[in-house]
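# What the coordinates show
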Amino acid sequence: MDLRLLLISTLLGTFYNSYAQKEGNECIIASAKHCGECIQAGAKCGWCKDPAFLKQGEAVSTRCDELQSLVKRGCNVDMIESPKGERKILRNKPVTNRKKGGEKLQPHEITQIQPQKLNLTLRSGEPQTFDLKFKRAEDYPIDLYYLMDLSYSMKDDLENVKNLGTSLMQKMSKITSDFQIGFGSFVEKTVMPYISTTPAKLLNPCTGDQNCTSPFSYRNVLNLTSDGKQFNTLVGQQQISGNLDSPEGGFDAIMQVAVCGNLIGWRDVTRLLVFSTDAGFHFAGDGKLGGIVLPNDGKCHLEDNVYTMSHYYDYPSIAHLVQKLSDNNIQTIFAVTEEFQPVYQELKNLIPKSAVGTLSANSSNVINLIIDAYNSLSSEVILENSKLPSGVTITYTSRCKNGVVNGGENGRKCSNISIGDEVTFSISVTSKGCPNEGMSDTIKIKPLGFTEELEITLNFICGCDCQKVGINKSPLCHSNGTYECGDCRCEDGHVGRECECSSNDVATEDMDRTCRKDNTTDICSNSGDCVCGTCECKNRDNPEERYSGQFCECDNFSCDRSGNKLCGGHGRCECRVCVCDLMWAGSACDCSLDNTTCMASNKQICNGRGTCDCGICKCTDPKFQGPTCEICPTCPGVCTEHKECVQCRTFGTGEKKDTCEKDCSYFTLIKVKDRDKLPQPNDAAYPVMHCKERDANDCWFYYTYAVNNNTVKEVHVVDSLDCPAGPDIIPIVAGVVAGIVLIGLALLLIWKLLMIIHDRREFAKFEKEKMNAKWDTGENPIYKSAVTTVVNPKYEGKC
């Protein structure tokens, strides 16, 4: 069972590795038939246009591979087609640097993003990256349009808004010197059941003695103007109206304010829309209650400053509003009462670059609300792009204040930006394949709420330069195709390496016969297809493995292996035979011809006791073993081995003193005066063994043993013995006697001290007993009286 599990695990691992390799090489997967298909497969792909590149049996698609693989297979770098994308800046006006009160500039003269126009040439899979700067300009012009709910519940609010113009002008003058303000109002669609359509209610929808104006959907009261007094005058003339249901038709009004820019007077500056109400809102689909089913068309329908199609078109959807507000660079401030704060907070989350402020019951705080909301909106920049062509993707990375870097969806924005702060966005554009069939396209990137934008022209690389100089109807292709990029690109109906065959004749018996090796039954060795009488070898799942040869009989993966590596990792497989690298040999290139691995520590090959075979020592002396024949478990130590010979040749002593000349002439003896003169390991150019041995008289002698570079054995020895000195008897005897005397005196002193302590304790005990004795010297303690007194217990003293 364990063996079967191991086999399954191995097979699964092999399959996974093969699959991973295939997934990783998109160039091979593409099976490209021409250069254009190849470069569209991925950014790493290249096409070898060398006519002699393909080996016999290799398919045209093998010209397409990763660049390093093509070079490794023998394609010269100059013969590889791999075009690269490029980035060209067409307009790069610097962002505006000026202070409030400085030079007066027109809105179109102020620049807050850089660059303004780019040209990108994109190759499939290769991103083009550029930086976009954004800087909030100081004293930037602002247009603010105040859109107010004039239903009856807003009566007291209208009184406070009547003086809004001049007051807001004063406040905004601290932010910008170029400020315009406008005013519009809304109530509801003028159909049932939103309002009462009785004649009396159409004239005065309010009850009792309240005098109200006729209901309306949306009215533009004042175009954007820099005259705050005119704002106060016109708003002061407005009257409250009324409707039946609680939600209002504010979405109709917002849509008209957004799309009727020419009538409202919007400039290409910061555009703010303040939406003030104390109620909810109707949205798409609610119009069915009044019999209105046509979707809002998102177009301007103002006549005499009044929305005339409220009864015809349904309310706009939230998504429709988001699109129109974004297209017209309008930032929305919802000034609503506390009751509806949660509703508009949710709406704000759906509308980018919008804010919500809590309106007091009578709108007395509206100016502070607008200022706070504007500061909140302007402190955040969010980039958006227009619709991208199919196959094109874009990513953002923001580098904001204080070194904050954001990626992913947060890479589009930066927060807490003050006036004069500069932030940078790194933008990467990538295409896949050949979008738009190679036609150029244009996209735009802009900060939400701003009119400035970056225009990018996208050009797509869909073919190779070598295709442009292709020879149509080339004789090299039997006039049935175009010779381009080193090979024939056949016309429809023709196949073959040179387009020499008709696609109807590719499977004839005569053609198949030429694809069989030695008249065998296997066509193309079962490793290829017979196309036009010529074998085209199949591709393997692993892109590194290939069939080749006239009959696909060769491959580069069936050679011998060593260490689970093809050709031992020291050669290449050609037609199932290993071609070894320099200094390697063997059927699996596993035999190293380098003998450095056999070098022993004494710089001898295999320590002089073996031969070096394929980089491994084979010891000829059976006593020695190890990778360099230096280990001898049964041999005595080097020092012990040469002790007797060194002793006899230096001092004329030892067991071999009688046979010294015969047995001990195998080394050169060099005498030195002291141990400091002996060779040291760091000084010698060869290993040196230091020895310390003892003779029969317990004397030590010191020497070194080494084999020099000329393989001569050398012994350096100190010519004097280190013998121990004899003991000094007199001090030893004196010490022993003194020790005995001192120990005796110490014992006597201890005995005397113990006796003194004992006597003192006995005397103290006697004194204590004497003090406790109590004698009365006036009375004999032995005397007893002769009189005995008896008492009758029953006697009670009565006669």
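All values reported here derive from a predicted model rather than from experimental measurement. (Residues numbered from 1 in each chain as written. Predicted model: local features only at pLDDT ≥ 70, side-chain atom pairs only at ≥ 80, totals over all residues. Heavy atoms only, no water.)

The secondary structure content of the chain amounts to 18 helices and 42 strands. By the compact-globule yardstick of 28 Å for 799 residues, the chain is too spread out, its C-alpha radius of gyration being 54 Å. A principal-axis box enclosing the C-alpha atoms of the chain has dimensions of 165 × 145 × 75 Å. Per-residue burial over the chain gives 43% buried out of 799 residues. (Helix = DSSP H or I, 4+ residues; strand = E, 2+ residues; numbered from the N terminus. Rg over C-alpha atoms; globule rule 2.2 N^0.38 Å. Buried < 20%, exposed > 50% of the residue type's maximum accessible area, 1.4 Å probe, protein only.)

So, about unusual backbone geometry. In this model, Gln114 is joined to Pro115 through a cis peptide bond whose omega is 0°. Checked against the element boundaries, Pro115 lands in the loop between β5 (113-114) and β6 (117-123). In the segment running from Met192 into Pro193, the intervening peptide bond is cis, with an omega of 5°. Positioned with a positive phi, Met583 is a non-glycine residue whose angle comes to about 75°. What makes Met583 partly exposed here is its relative accessible area of 39%. With a phi close to 55°, Cys606 is a non-glycine residue in the positive phi region. Structurally, Cys606 is set in the loop between β36 (591-592) and β37 (610-613).

Strand order in the open sheet formed by three strands is β2-β1-β3, with antiparallel pairing between adjacent strands. Since the sheet does not close on itself, it has two edges, and those belong to β2 (64-66) and β3 (80-81), each with one partner. Pairing geometry for strand β1 (residues 45-48) and β2, over three bridges, is antiparallel. If you follow Gly46 over to β2, its bridge partner there is Asp65. (Pairing = 2+ DSSP bridges.)

Let us look at the nonpolar core. In terms of nonpolar packing, the biggest core is built from 37 residues, with Leu144, Tyr146, Met148, Leu164, Leu168, Phe179 and Phe183 touching the most fellow members. With near-sequence residues (within four places) excluded, Phe183 lies in contact with Tyr145, Tyr146, Met148, Val161, Asn220, Val221, Leu222, Phe231, Val235 and Gln238. Grouped together as the second largest cluster of nonpolar side chains are 31 residues, Tyr145, Leu147, Leu302 and Phe340 included. (Core = buried A, V, L, I, M, F, W, Y, C linked by side-chain atoms within 4.5 Å. Contact = heavy atoms within 4.5 Å.)

Bringing the packing of aromatic side chains into the picture now. On inspection of all chains with the given rule, the structure shows 17 aromatic pairs. Ring centres 5.1 Å apart and planes at 10° place the aromatic pair Phe186 and Phe275 in the stacked group. Remark: Phe275 occurs in strand β11 (residues 270-277) and Phe186 occurs in strand β9 (residues 179-186); sequence separation between them is 89 residues. Of the two residues, Phe186 and Phe275, both sit in the buried class. With centroids separated by 6.0 Å and ring planes inclined at 15°, the aromatic side chains of Phe701 and Tyr703 adopt a geometry described as stacked. Assigned by exposure class, Phe701 and Tyr703 land together as buried. (Phe/Tyr/Trp six-rings, centres within 6.5 Å; stacked < 30°, edge-to-face > 60°.)

Turning our eyes to something else, we now look at the sheet that holds strand β17 (residues 392-399). Strand pairing in a sheet relies on backbone hydrogen bonds, with the paired strands running either antiparallel or parallel. If you walk across this open sheet you meet the five strands as β5-β7-β20-β17-β18, and the pairing is antiparallel. Looking at which strands have only one partner, the edges of the open sheet turn out to be β5 and β18 (405-406). Where strand β7 (residues 128-135) and strand β20 (residues 422-431) come together, eight bridges link them in antiparallel fashion. Along β20, the bridge assignment pairs Leu132 with Phe425.

Interface size is commonly expressed as the accessible surface area that is lost when the partners come together. The domain boundaries assigned to the chain delineate domain 1 (22-83), domain 2 (94-138 + 383-461), domain 3 (150-379), domain 4 (561-592), domain 5 (594-635) and domain 6 (638-718). Computed from C-alpha coordinates alone, the two centres of domain 4 and domain 6 are separated by 49 Å. (Domains from an automatic or database assignment.)

With that settled, consider the environment of Val531. Among the secondary structure elements, Val531 is positioned in strand β27 (residues 528-531). Taking the C-alpha atoms as reference, Val531 lies 13 Å from Cys552; in sequence the two are 21 residues apart. Contacts of Val531, omitting those with residues within four sequence positions, involve Val495, Gly496 and Glu536.

Let us now look at the packing of helix α6 (residues 164-172) against helix α8 (residues 228-236). Orientation of α6 relative to α8, taken along the N-to-C sense of each, is 150°, at an axis distance of 6 Å. With respect to α8, the axis of α6 lies roughly antiparallel. Along the contact surface, α6 presents Leu164, Gly165, Thr166 and Met169, while α8 presents Gly228, Lys229, Phe231 and Asn232. Grouping the constituent residues of the contact of α6 with α8 by class yields three nonpolar, four polar and one charged. (Axes fitted to C-alpha atoms, helices over the stretch in contact; angles between N-to-C directions. Parallel < 35°, antiparallel > 145°, perpendicular 65-115°, else oblique. Nonpolar A, V, L, I, M, F, W, Y, C, P; charged D, E, K, R; others polar.)

An α-helical turn contains 3.6 residues, so any two residues separated by three or four positions project in the same direction. Buried within α8 we find Gly228, Phe231, Asn232 and Val235. All buried residues of α8 project into a common sector of 95° when viewed along the axis, lining one side. Elements in contact with the buried residues of α8: α5 (155-161), α6, β9 and β10 (218-225). The N-cap of α8, judged by a side-chain oxygen 3.1 Å from the amide nitrogen of Lys229 a few residues on, is Asp227. (Arc of directions from axis to C-beta. Polar contact = N/O pair within 3.5 Å; in protein donor to acceptor, adjacent residues only side chain to side chain.)

So, about the pairing of β37. Looking at chain direction, β37 and strand β38 (residues 616-619) are connected through four bridges and run antiparallel. Across the sheet, the residue bridging to Cys612 is Cys617, located in β38.

Looking now at a nonpolar patch on the surface. On the surface, Ile729, Val733, Val737, Val741, Leu742, Leu745 and Leu748 cluster together into a nonpolar patch covering about 680 Å² of accessible area. The topology assignment puts Leu745 in helix α18 (residues 729-772). Its relative accessible area of 47% is what places Leu745 among the partly exposed residues. (Patch = residues over 30% accessible without salt bridge, like charges linked within 9 Å, V, L, I, M, F, W, Y side chains within 5 Å. Areas by Shrake-Rupley, 256 points an atom, 1.4 Å probe, with all protein chains shown as cover. Salt bridge = Lys/Arg side-chain N within 4 Å of Asp/Glu carboxyl O.)

As a further point, take the pattern of salt bridges. Evaluated as defined, the whole model comprises 23 salt bridges. Here Arg73 ties to Glu58 by a salt bridge, and the two come within 3.8 Å at their closest N and O atoms. Taken together, the residues span a long stretch of sequence, with Arg73 in the loop between α4 (67-72) and β3 and Glu58 in the loop between β1 and β2 at a distance of 15 residues. In this structure, a network of salt bridges that share partners links the residues Glu58, Asp65, Arg73 and Arg546.

Topologically, Thr430 is positioned in strand β20. In contact with Thr430, other than residues within four places in its own chain, are Gly125, Glu126, Pro127, Gly391, Val392 and Thr393.

As a further point, take the packing of helix α9 (residues 250-259) against helix α11 (residues 318-327). Where α9 meets α11, the axes come as close as 9 Å, and the angle between the chain directions of the two elements is 25°. One finds that α9 runs roughly parallel with respect to α11. Like other packed secondary-structure pairs, α9 and α11 cross with a definite hand, here left-handed. Residues Phe251, Ile254, Met255, Ala258 and Val259 of α9 touch α11, and the partners they reach there are Ile318, His320, Leu321, Lys324 and Leu325. (Left-handed = near helix turned anticlockwise from the far one by under 90°.)

Per the stated rule, a full pass over the model turns up 26 disulfides. Put simply, Cys260 and Cys300 are joined by a disulfide, and their sulfur atoms are 2.0 Å apart. The sign of the S-S torsion, about 115°, decides the handedness of the disulfide formed by Cys260 and Cys300: right-handed. Pair noted here: Cys260 is in the loop between α9 and α10 (261-264) and Cys300 is in the loop between β11 and β12 (302-303), with a separation of 40 residues, a long-range link. Accessibility expressed as a relative area gives 32% for Cys300, which makes it partly exposed. Note that Cys567 is cross-linked by a disulfide to Cys578, the S-S spacing being 2.0 Å. The sign of the S-S torsion, about -95°, decides the handedness of the disulfide formed by Cys567 and Cys578: left-handed. Separated by 11 residues along the polypeptide, Cys567 in the loop between β32 (565-566) and β33 (571-574) and Cys578 in strand β34 (residues 577-580) bring together distant segments of the chain. (Disulfide = S-S within 2.5 Å.)

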